[in-house]
Amino acid sequence: MRRLLATAALLLLLVSLTGMQARPDDVAANAPEDSDRAAALNAVAITGTAQDAYAVFAETCSACHSARSERPKGDFGFILDLHRLSRAGEYVVRGQPDKSSLWTVIADGSMPPPGYEAALSDAERSAVRTWIEDGAPPGPIDPSVLPPLPAIEETSALVHWGGQWHPLVIHFPIGLLLAAALAEILFVLRRDDRYRAAAEFCLLVGTVGSCGAALSGWLFAADLGYALTTHRWLGIATSLFALATCQLAVRVRRLPPDDAPILGYRLALAATIGLLVVTSHLGGIATWGASIFGG
Ligand code: HEC
């Protein structure tokens with residue numbers, strides 16, 4: 001079991017490291033800056049849905065998926081290149097939105113990522129769908145009436161690096177803090193000091209983990225432009241409560257039983273677990289969507 005866990009952790013580490021290096025092959029400049037190309041697109045005008053779809057991509061997706069971004073997300077960095085988008089067949093199957101991942105990720109709510117600052121309106125969603133139904137024509141696009149591209153705030157490599165640990169690190173405090181609570185319950189039932197020692201150990205390591213989760217979570221949110229305000233502050237509160245609980249646990253061990261803040265310690269532990277459960281739940285929904293519960 002331990003070996004399995006170690007291998008899984010190592011694999012995750014490798015995957016995250018390779019992810020760091022990944023760059024799309026083609027980071028050539030995209031359409032609007034290139035007026036010759038835009039003119040060429042206009043010349044092969046087919047129907048008029050490209051402009052609307054392009055506007056959606058430019059406004060909502062380009063910060064993460066175009067050559068404008070230093071590190072396009074998900075190895076997909078050419079969303080403003082409609083020619084390549086409709087030709088490659090990788091993300092778009094012409095005329096068939098339901099077979100195009102470009103549409104399905106929008107339809108199932110995974111793009112833009114839940115918690116990202118900007119969501120899509122129904123009109124914007126249907127602009128993308130209609131464009132694919134229309135055969136995903138690469139033009140015409142009239143750059144003069146397009147909305148200006150929003151500013152991209154590039155985060156530093158350190159923020160990017162630190163942030164990618166979040167999905168990995170969070171599992172330690174979740175497991176360890178729950179184990180601490182379980183050990184404390186067993187201590188109450190069995191009065192065996194080993195459970196008390198186990199509770200304190202799990203609590204201390206889980207608290208270190210929760211600080212790591214909070215820090216990496218902050219960087220993760222900064223890197224992806226996530227808002228997720230409730231999840232964020234509840235996560236910070238979980239860490240603070242865990243720290244306070246650690247302090248109480250140490251006092252419970254050191255002081256004679258009559259002076260030990262045993263009730264305070266148990267209440268603090270219970271509050272930490274409560275915060276932990278709500279925070280993890282919100283984080284889980286942000287990552288997997290509420291449909292993970294079969295909805
Ligand atoms: C905040 C950054 C962000 C924004 C904005 C964003 N994406 Fe993504 N996108 C990602 C990340 C991160 C991934 C990689 C996800 C993964 O691998 O699980 C991704 C992956 C994808 C993929 C690839 C899925 C696959 O299975 O290969 C598609 C398609 C996609 N996004 C489309 C879009 C579209 C369309 C928009 C705009 C409506 C958009 N994204 C907006 C971050 C973003």
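Parameters and conventions
- Residues numbered from 1 in each chain as written.
- Predicted model: local features only at pLDDT ≥ 70, side-chain atom pairs only at ≥ 80, totals over all residues.
- Helix = DSSP H or I, 4+ residues; strand = E, 2+ residues; numbered from the N terminus.
- Buried ≥ 20, exposed ≤ 12 C-beta atoms within 10 Å, placed from the backbone.
- Contact = placed C-beta atoms within 7 Å.
- Core = buried A, V, L, I, M, F, W, Y, C linked by C-beta atoms within 7 Å.
- pLDDT = per-residue confidence, 0-100.
- Near = placed C-beta within 6 Å.
- Nonpolar A, V, L, I, M, F, W, Y, C, P; charged D, E, K, R; others polar.
- Expected span 1.5 Å × (residues − 1).
- Axes fitted to C-alpha atoms, helices over the stretch in contact; angles between N-to-C directions.
- Parallel < 35°, antiparallel > 145°, perpendicular 65-115°, else oblique.
- Left-handed = near helix turned anticlockwise from the far one by under 90°.
- Arc of directions from axis to C-beta.

Engineer: Break down the overall build of the protein for me, with residues and values.
Structural biologist: If you tally the helices and strands in the protein, you get twelve helices and zero strands. Its helices and strands taken in sequence order, the protein reads α-α-α-α-α-α-α-α-α-α-α-α from the N to the C terminus. By the burial criterion, 33% of the 295 residues in the protein qualify as buried. Residue pairs at least 24 apart in sequence account for 71% of intrachain contacts in the protein once pairs closer than 6 positions are excluded.

Engineer: I'd like a description of the nonpolar core, backed by residues and values.
Structural biologist: Residues Ala-53, Tyr-54, Phe-57, Val-128 and Trp-131 are the most contacted members of the largest nonpolar core, which totals 26 residues. Put simply, the parts of the chain that give this core at least two residues each are α3 (50-65), α4 (82-88), α5 (101-107) and α6 (122-133). Residue contributions to this core peak at nine residues, all from α3. For Val-128, the residues in contact, after removing those within four places along its chain, are Ala-53, Val-56, Trp-103 and Ile-106. Counting residues in each nonpolar core, the second largest holds 20 residues, with Ala-183, Ala-199, Leu-269 and Leu-275 among its members.

Engineer: Explain the confidence of the model for the protein residue by residue, including any values.
Structural biologist: Of the residues in the protein, 82% reach a pLDDT of 70 or more, and the chain-wide mean stands at 82. The secondary-structure element of the protein with the lowest mean pLDDT is helix α2 (residues 35-43), recorded at 49, while helix α9 (residues 171-190) shows the highest, at 96. Scored below 50 in pLDDT, residues 18-34 makes 26 contacts in the model with residues more than four places away or belonging to other chains. Low confidence marks residues 38-47, where pLDDT is under 50. Its contacts with residues over four positions away, or in another chain, come to 16 contacts.

Engineer: Pulling in residues and values, what's your account of the environment of Ala-53?
Structural biologist: In this fold, Ala-53 is placed in helix α3. Owing to 25 C-beta atoms within 10 Å, Ala-53 belongs among the buried residues under this scheme. Note: C-alpha distance between Ala-53 and Leu-80 (27 residues apart in sequence) is 9.7 Å. Excluding its chain neighbours within four sequence positions, the residues that come into contact with Ala-53 are Ala-127, Val-128 and Trp-131.

Engineer: Explain the site of the ligand to me, using residue names and the numbers behind them.
Structural biologist: The local shell around the ligand holds 20 residues, among which Cys-61, Cys-64, Lys-73, Gly-74 and Met-111 are the closest. Contributions of two or more residues to the shell around the ligand are made by α3 and α5. Grouping the constituent residues of the shell around the ligand by class yields 14 nonpolar, five polar and one charged.

Engineer: Give a detailed account of helix α10 (residues 193-224), specifying residues and quantitative values.
Structural biologist: Taking 1.5 Å per residue as the helical rise, α10 with its 32 residues ought to reach 46 Å, and the 46 Å between its terminal C-alpha atoms agrees with that figure. Just beyond α10, the residue with positive phi is Gly-225, at close to 75°.

Engineer: An account of the packing of helix α11 (residues 229-254) against helix α12 (residues 262-288) is needed here, citing residue identities and associated values.
Structural biologist: Here α11 crosses α12 at 155°, and the two axes come no closer than 8 Å. The orientation of α11 relative to α12 falls into the category roughly antiparallel. Helix-helix and strand crossings are classified by hand; for α11 and α12 the assignment is left-handed. Grouping the constituent residues of the contact of α11 with α12 by class yields 18 nonpolar, nine polar and no charged.

Engineer: Describe unusual backbone geometry, listing the residues and the values that go with them.
Structural biologist: Met-111 connects to Pro-112 through a cis peptide bond whose omega is -10°. We note that Ala-136 has phi near 50°; this positive angle belongs to a residue other than glycine. Residue placement: Ala-136 occurs in the loop between α6 and α7 (157-163). Of note, the phi angle at Arg-191 is positive, near 60°, even though the residue is not glycine. Here Arg-191 lies in the loop between α9 and α10. A residue is classified by how many C-beta atoms lie within 10 Å of it, and Arg-191, with 9 of them, is exposed.

Engineer: Any chance you could break down the environment of Val-278 for me, citing the residues and the numbers?
Structural biologist: Residue placement: Val-278 occurs in helix α12. Owing to 16 C-beta atoms within 10 Å, Val-278 belongs among the partly exposed residues under this scheme.

Engineer: Describe α6, and please don't skip the residues or the numbers.
Structural biologist: Here α6 is twelve residues long and its end C-alpha atoms lie 16 Å apart, about the 16 Å a rise of 1.5 Å per residue gives. For α6, the set of buried residues is Ala-127, Val-128, Trp-131 and Ile-132. The buried residues of α6 occupy an angular sector of 125° when projected down its axis, which confines them to one face. In α6, the exposed positions that point more than 90 degrees away from the buried face belong to Asp-122 and Ala-123. Trailing α6 by a residue or two, Gly-135 shows a phi angle of about 95°, which is positive.

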